[in-house]
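Breakdown of the fold
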Amino acid sequence: MKHQLTKYLLFVLLLKTISGLTGVWRWECEEGYCQKKEITPDTQDTAISLSACRLLCSDASALWPKPTGEIHVGTTLVKVNPNSISHSGVGSEKRSHSLIGGAMTRFNKQLNELRPKTKRADGGKTLEITYILSDPGLTDLTLETEEGYALTVVETSDGRLNATIVADNFYGGRNGLETLNQLIVYDDLREELIMPNDISITDKPAYPWRGLALDTSRNYITVDAIKNTLSAMASSKLNSFHWHITDSHSFPFTAQSLPDLREYGAYTPKKIYTPEDVADIVAHGRECGVRVIPEFDAPAHVGEGWQNTDYVVCFKAAPWQDYCVEPPCGQFDPTKDGLYDALESLYGDMIKQFQPTIFHMGGDEVHFGCWNSTASIVEWMQNQGWGRSEEDFIKLWDHFQTEALKRLYKQTSSNIPVILWTSTLTEGEYLEHLSKDQYIIQIWTTGSDPQISNLLANGYRVIISNYDALYLDCGFSGWVTDGNNWCSPYKGWQKIYENKPATVAGGKNDLVLGMEAALWTEQVDSASVDTRLWPRAAAMGEVLWSEPSNGWREAESRMLVQRERIINLGVNADALEPEWCRQYEESCPTNGKFNK
Amino acid sequence: MGKAYLVLMGILLCSKLYESASNSLWRWKCNQSAGACTRVSGDVDATLYPSLETCRLVCGTAGGLWPQPTVGTVLSDGLFQFSLSSLKFEFASEDNDVTTYLKEIADLFNKTLSSISASNCSNTDNTVTISIVVLTNNMDLNWKTDEGYNLEILTAGKENSVKISANTIFGARHALETVSQLIELFSNNNGEVCHVIVDEAKISDAPNYNHRGLLLDTARNFLSISSIKKHVDGMAHSKLNVLHWHITDSQSFPLELPTLPNMTKYGAYSDSKIYHPTDIAELISYAKLRGVRIIIEIDAPSHAGNGWQWGPDAGLGDLSVCINQQPWRSFCIQPPCGQLNPVNSNLYKVLKDLYSDVINMLPKGEVFHMGGDEVYIPCWNSTPEIIAYLGDKPRTTETFLDLWSDYQAQALEAFDSAVGNTNTPIILWTSHLTEVSVIEKYLSKTRYVIQTWVPAADTLPQNLLDLGYQIIASTKDTWYLDHGFWGNTVYHNWRVVYNNKIPTASGTLGGEVCMWGELVDDSSVESRVWPRAAAAAERLWSNPKTNADQAERRFYRHRERLVSRGINAEALTPRWCYQNEGEC
């Protein structure tokens, strides 16, 4: 690609010459970076926009995440007609037919949004997309699903653009479509959509779990905001939306079998998720190539919603510091037999609504002080012949986890994988309570915590969410103290990009399923959720898809484009730097190529 | 406690407030001595409020008001139910600017209230009449404007009357803002949603500081006019009164100047990222209606680069030097570089045109901000034209400071000649020129107001006051809203913002929170600014002796208010803490 740049200017001549130019700027590719230049009479005909320049100026084009196989992006740019796009290859008899349809609708909408409303004139080449899927019946995204694809674009002799996406299944096909989408840009000098007419890309992800965790209990997040989040995930090929739907603060989920949970637990009657909302979100997730995984966090992190039962102890206990990690307190009483029946009903409702391929049981931050302060629990333990040491409370916790898992399995047709957060239970001496065949451990300690190597040495599959890089809530106001929150400072996208699975896993990355950025919502609700998540989560998207050996600096120009792409989806992604730095690539960073 | 309260309580006693069971679980109880609203479940009880918002209206000395009134606040704990259609305004019918303004703010008031959606309220027997008396015809908003007001609410039978008196229209506007914060939605027993107003109140209020500002930077990244309007809305709801518009910088020049079209041609990020004079005019009147004045800053001689490239082609020589020069660290403090060329006499002719164009966009007599921060001597010291101009003079810091002050004197002359007087106040940032040892040599205390941007521990603001300068405080380590996202800076949470006390000497005109734009644009600027700017608003309006802890409940309420009025203010806490006051 790099070697064709000299050719590039000649090919660009095929584009329409600009007439009646009002702007004074064009862009030129220099050493892999786009630079803003003044348009002069001799450069008038070959002038290209920043978006066109970025498409052709470096090995990975403007793609995010960077493809892992062959990348060939031709240098002839042609005008595309967004109103003349068709697709074929997956007939209506195939189970993924409607998913393809949904993905195409997103694709068309995005292309339309690229153009200013007043500049949507017709014209340009027809684009025909053909899917060749080996398994068009596959609709569930599992840990084994092939997400790779091969994308080719050629121009036919009669001037149509033929795009072919070859993949195992819908998910790979969708990823190919996402890549194609990123290669169609709006040229604001000529005011038209353009794309290369010669493309060949093969691509597949390095890790099967590229996730985002969102908490909707500390503060409610609207269904629209969640669907926007899924769209933005799609644009960065993130594939796992981990929905921390309940906590001790509120219970917005509708469990049909236990209606009181929501009646009592929702912040307001409007701040709820109906089964229809969940279905809508799950369906949107599929179209976006994203599995939606529910978490029911237990035995800690329960409270609001359970008021009418006697299953929760320490609810709203004060001072909260003695009974939990943040207010309001609340923890299940594992000694109540009725609890497990209730859990089975709840799990059943969740399985029915989400149809998940994996389930998250939470399991973090159990506070032994809470159980130890509850007379009936202490008595029950004494009756088992147990004491009140940490080991004994671990036994109690294990009792809960074992019984809860049994009930979950009763509600699933097969024994689906279960995720648990790291906790005392996942520490060295207690790890034996958890079978490595059943449980995947989600790590939320620091990236250098010895617990990680211990888990890997014992053969556990892990998902990495080390808080010192992947907790997106860090750096803002505290809410139980005067200072800033516990995991301050803010994690910039550069930090996230440098947080590589292989480093965290000390080389044992074969057991690493992937990573997950987490947004806990103590200081976030729908008003600012977009800004917190994006574009930072996209940085992790490339880390997991491409496993780049390069640092953030090499990715910066493309990252800035990706941020604009997310904005184009209607998602309020944060700004990363002054626009000037995007218009003069590599001119802002210290020791940047053009900062010398 | 008035009769209407008793009537209302009668309703509360008679039947359930809500028809739907899902609505009926929670109620709120006010503990007046603690000023706390507590969520309770259970049977309907006359002392309970149907929502936290209605409880917060009347609970505690300042209820849910933000900023808290300064002179006196008495709120009854009774509520008067009404339909918005039964709310009327009364004011003098003279055909003048004051009346026009009052009509417009009355419309705006109605719009604000109807944006929180009431539905099917059939209670049209009860009436609310807001009468406004404004004692002067003064239409100017400046540092001398009296923004105080008196407000009294009385209820007699089915008639609730709100009496406002103020010396100026701006005081009247603030009073209406306060009234809007004494009104909430109320779901009654007929399944209707009506409004309620506190049935009796007496408030006397005036700000501590006359300059209560928010700085927006639209040069590092462009902000759309609609985004800026959102900020003006937030300011109005928080009684901030100055939008300091850092409109240009070395990165871009988005302000279209009729006389100097090259500035945006070369300086705008794109054709769509330009402020046209019509946009500015519209924004100024939009802001005035919301009690906000706009102060324009054209930062110079530093922070001026893109937009100034056209000098040589126009035969005027280099108007700015070091533009986009690399490596930037050698020529400026952040990329891209650019600093006006003080030795090019054409510059001052261009500046005069520039100032004329800007002055034409502003209300008569409006102050102007000339920036004046972060002049980087190595830029000038590496420019052959400037070195040649200095000739034999030693190129010491003092020489360059003299050059800078010469620039400042000529820029001021250009401004004065453009405006046609010599007494328009000019604001400048603190810089080398404003150091205590030299400021009197360089800058007249009768012409210049100094905006300080030093940390809270720095004595410079006090020292400048002692020398007799007027200041505006923008305490860097508490009121810079961009901190926490770059370098070693720390995010200043709302408590830190609130707790920042600035000098109270009379030379302190007020203060500003600053939203520098390197890391924000339309997408995130609202949540970065709000609700933190509102925390500064109470500091500047009320300047309470107390700290953030005592303001928490009202502040949480105000954040919700901003959101319900269309501003994407950041969340402060889990909603659970909002609903369970004092338990977190």
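Residues numbered from 1 in each chain as written. Chains lettered and ligands numbered in written order. Predicted model: local features only at pLDDT ≥ 70, side-chain atom pairs only at ≥ 80, totals over all residues. Heavy atoms only, no water.

**Description of the overall build of chain A**
- Secondary structure assignment for chain A yields 19 helices and 20 strands.
- The C-alpha extent of chain A, read off along each of the three principal axes, is 90 × 60 × 45 Å.
- With 596 residues in all, chain A has 64% of them scored as buried.
- In chain A, once contacts between residues fewer than 6 apart in sequence are set aside, the share between residues at least 24 apart is 73%.
- Total accessible area on chain A is roughly 20200 Å²; 48% of this is exposed by carbon and sulfur atoms. (Helix = DSSP H or I, 4+ residues; strand = E, 2+ residues; numbered from the N terminus. Buried < 20%, exposed > 50% of the residue type's maximum accessible area, 1.4 Å probe, protein only. Contact = heavy atoms within 4.5 Å. Areas by Shrake-Rupley, 256 points an atom, 1.4 Å probe, with all protein chains shown as cover.)

**Quick notes on the UniProt feature "domain: Beta-hexosaminidase eukaryotic type N-terminal" (unreviewed entry) in chain B**
- Cross-referencing UniProt, the feature "domain: Beta-hexosaminidase eukaryotic type N-terminal" (unreviewed entry) maps to residues 65–182 of chain B in the present numbering.
- Strand forms 31% of residues 65–182 of chain B and helix 26%; the C-alpha atoms that close the span are 7 Å apart. (UniProt positions renumbered as here; feature names shortened; annotations may be inferred.)

**Here we look at the pattern of salt bridges**
- In the structure shown here, the tally under the stated rule is 60 salt bridges over all chains.
- Residue A:Arg553 pairs with A:Glu586 through a salt bridge whose shortest N-O separation is 3.0 Å. With a gap of 33 residues between them, A:Arg553 in helix α18 (residues 552–568) and A:Glu586 in the segment after α19 (579–583) connect regions that are remote in the sequence.
- A relative accessible area of 6% means that A:Glu586 is categorised as buried.
- Connected through salt bridges with shared partners, the residues A:Arg563, A:Glu564, A:Glu579, A:Arg582, B:Lys273 and B:Asp521 form a single ionic network. (Salt bridge = Lys/Arg side-chain N within 4 Å of Asp/Glu carboxyl O.)

**Observations concerning the sheet that holds strand β6 (residues 87–91) of chain B**
Residues and elements named next belong to chain B.
- Pairing in this open sheet of six strands is mixed, and the strands run β4-β12-β8-β9-β7-β6 from one edge to the other. For this open sheet the edge positions go to β4 (72–75) and β6, each flanked by a neighbour on one side alone. The sheet shows a mean angle of 15° between the axes of neighbouring strands, direction not considered.
- Where β6 lies against strand β7 (residues 127–134), five bridges are found, and the strand directions are parallel. Its bridge partner lying in β7, Glu90 is registered against Ser131.
- In the packing of helix α3 (residues 97–115) onto the sheet, the strands contacted are β6 and β7, and the crossing angle to β6 comes to about 165°. (Pairing = 2+ DSSP bridges. Axes fitted to C-alpha atoms, helices over the stretch in contact; angles between N-to-C directions.)

**A look at the interface of chain A and chain B**
- Taken together, the contact between chain A and chain B spans 59 residues of the former and 55 residues of the latter.
- Note on chain A versus chain B: buried area summed over both sides is about 4700 Å², and carbon and sulfur give 48% of it.
- Contact with chain B buries area across many residues of chain A, yet A:Tyr267, A:Glu579 and A:Trp580 alone supply 13% of it, more than any other trio.
- Remark: the boundary between chain A and chain B carries six salt bridges.
- The shortest N-O distance in the salt bridge between A:Glu579 and B:Lys273 comes to 2.8 Å.
- At the surface where chain A touches chain B, the tally comes to 34 residue pairs in polar contact (both at pLDDT 80 or more).
- Contributions of two or more residues to the side of chain A that touches chain B are made by β2 (33–38), α6 (260–265), α16 (529–533), α18 and α19 of chain A.
- When residues in the side of chain A that touches chain B are grouped by element, the largest group, three residues, is from α19(A).
- Here the residues of the side of chain A that touches chain B are counted per class, giving 24 nonpolar, 19 polar and 16 charged. (Buried area = accessible area lost by both parts, 1.4 Å probe. Polar contact = N/O pair within 3.5 Å; in protein donor to acceptor, adjacent residues only side chain to side chain. Nonpolar A, V, L, I, M, F, W, Y, C, P; charged D, E, K, R; others polar.)

**Regarding unusual backbone geometry**
Residue and element names in this part refer to chain A.
- Of note, the amide linkage connecting Ser488 to Pro489 takes the cis form, showing an omega dihedral of 5°.
- Mapped onto the secondary structure, Pro489 falls in the loop between α13 (467–470) and α14 (493–498).
- Positive phi, normally seen in glycine, also occurs at Glu547, with a value near 40°.
- On the secondary structure map, Glu547 appears in the loop between α17 (536–546) and α18.
- You can call Glu547 partly exposed: its relative accessible area is 33%.

**Describing the domain arrangement of chain A**
All names here are of chain A.
- Assigned domains within chain A: domain 1 (1–47), domain 2 (60–203) and domain 3 (209–555).
- A straight line from the C-alpha centre of domain 2 to that of domain 3 covers 35 Å.
- The interface is formed by 24 residues belonging to domain 2 together with 27 residues belonging to domain 3.
- Across the interface of domain 2 and domain 3, roughly 2200 Å² is buried in total on both sides, 55% from carbon and sulfur atoms.
- The largest share of the area that domain 2 buries against domain 3 comes from Trp64, Pro65 and Leu143, three residues that together contribute 32% of it.
- Counting across the interface, domain 2 meets domain 3 through two salt bridges.
- For Glu147, the salt bridge is made with Arg210, and the minimal N-O distance between the two is 2.8 Å.
- Seen at the junction of domain 2 and domain 3, the total is 16 residue pairs in polar contact (both at pLDDT 80 or more).
- At the level of elements, α3 (97–114) and α4 (170–182) are the ones that each hand at least two residues to the side of domain 2 that touches domain 3.
- Taken together, the residues of the side of domain 2 that touches domain 3 sort by class into ten nonpolar, seven polar and seven charged. (Domains from an automatic or database assignment.)

**A short note on the confidence of the model for chain A**
- Confidence along chain A averages 94 in pLDDT terms, with 96% of residues attaining 70 or more.
- Low pLDDT, under 50, characterises residues 1–14 of chain A; the predicted model gives this stretch 25 contacts beyond four residues in sequence or across chains. (pLDDT = per-residue confidence, 0-100.)

**What about the packing of aromatic side chains?**
- Taken as a whole, this structure holds 55 aromatic pairs over all chains when the rule is applied.
- Both rings, one in B:Phe368 and one in B:Phe415, keep their centres 5.2 Å apart while their planes meet at 25°; by these two values the pair is stacked. On the criterion of sequence distance, the pair formed by B:Phe368 in strand β18 (residues 368–371) and B:Phe415 in helix α11 (residues 397–419) is long-range, its members being 47 residues apart.
- For B:Phe368, a relative accessible area of 1% translates into the label buried.
- For B:Phe415, a relative accessible area of 1% corresponds to the buried category.
- Here a set of aromatic residues connected by ring pairs shows up, and it is made of A:Phe251, A:Phe296, A:Trp306, A:Phe332, A:Tyr340, A:Tyr347, A:Phe359 and A:Phe400.
- Taking the ring centre of B:Trp26 as reference, the NZ or CZ of B:Arg39 above it sits at 3.8 Å.
- If you follow B:Arg528 out to its NZ or CZ, it ends over the ring of B:Phe485, 3.8 Å from the centre. (Phe/Tyr/Trp six-rings, centres within 6.5 Å; stacked < 30°, edge-to-face > 60°. Lys NZ or Arg CZ within 6 Å of the ring centre and 35° of its normal.)

**Notes on the sheet that holds strand β5 (residues 79–82) of chain B**
Residue and element names in this part refer to chain B.
- With respect to topology, three strands assemble into an open sheet ordered β5-β11-β10, the strand pairing being antiparallel. Here the strands that pair on one side only, and so sit at the sheet edges, are β5 and β10 (183–187). Shown here is a sheet whose adjacent strand axes are inclined to one another by a mean of 40°, direction ignored.
- The sheet contact formed by β10 and strand β11 (residues 193–198) spans five bridges and is antiparallel. The residue of β11 that forms the bridge with Phe186 is Cys194.

**Structural notes on the packing of helix α8 (residues 337–354) of chain A against helix α11 (residues 390–411) of chain A**
All names here are of chain A.
- Put simply, α8 and α11 touch, their axes get as near as 8 Å, and they point 45° apart. Between α8 and α11, the angle is such that the two are oblique. Of the two possible hands of crossing, α8 and α11 adopt the one that is right-handed. Along its contact with α8, which presents Leu339, Tyr340, Asp341, Leu343, Glu344, Tyr347, Gly348 and Ile351, the element α11 presents His399, Phe400, Glu403, Ala404, Arg407, Leu408, Lys410 and Gln411.
- Here the contact of α8 with α11 is built from residues that sort into eight nonpolar, three polar and five charged. (Parallel < 35°, antiparallel > 145°, perpendicular 65-115°, else oblique. Left-handed = near helix turned anticlockwise from the far one by under 90°.)

**Remarks on the UniProt feature "domain: Beta-hexosaminidase eukaryotic type N-terminal" (unreviewed entry) in chain A**
- Mapped onto this structure's residue numbering, the UniProt feature "domain: Beta-hexosaminidase eukaryotic type N-terminal" (unreviewed entry) falls at residues 63–183 of chain A.
- In residues 63–183 of chain A, helix accounts for 26% and strand for 31%; the two terminal C-alpha atoms are 7 Å from one another.

**Structural notes on the UniProt feature "domain: Glycoside hydrolase family 20 catalytic" (unreviewed entry) in chain B**
- Mapped onto this numbering, the UniProt entry annotates "domain: Glycoside hydrolase family 20 catalytic" (unreviewed entry) at residues 209–543 of chain B.
- Annotated as residues 209–543 of chain B, this span is 36% helix and 15% strand, and its ends, taken at the C-alpha atoms, are 9 Å apart.

**Details of the pairing of β7(B)**
All names here are of chain B.
- Burial runs high along β7: six of the eight residues are buried.
- Taken together, β6, α3 and β7 form a β-α-β motif whose crossover is left-handed.
- Across eight bridges, the pairing between β7 and strand β9 (residues 159–166) is parallel. Across the sheet, residue Thr127 finds its bridge partner in β9, namely Glu159. (Right-handed = clockwise from strand over helix to strand, strands pointing away.)

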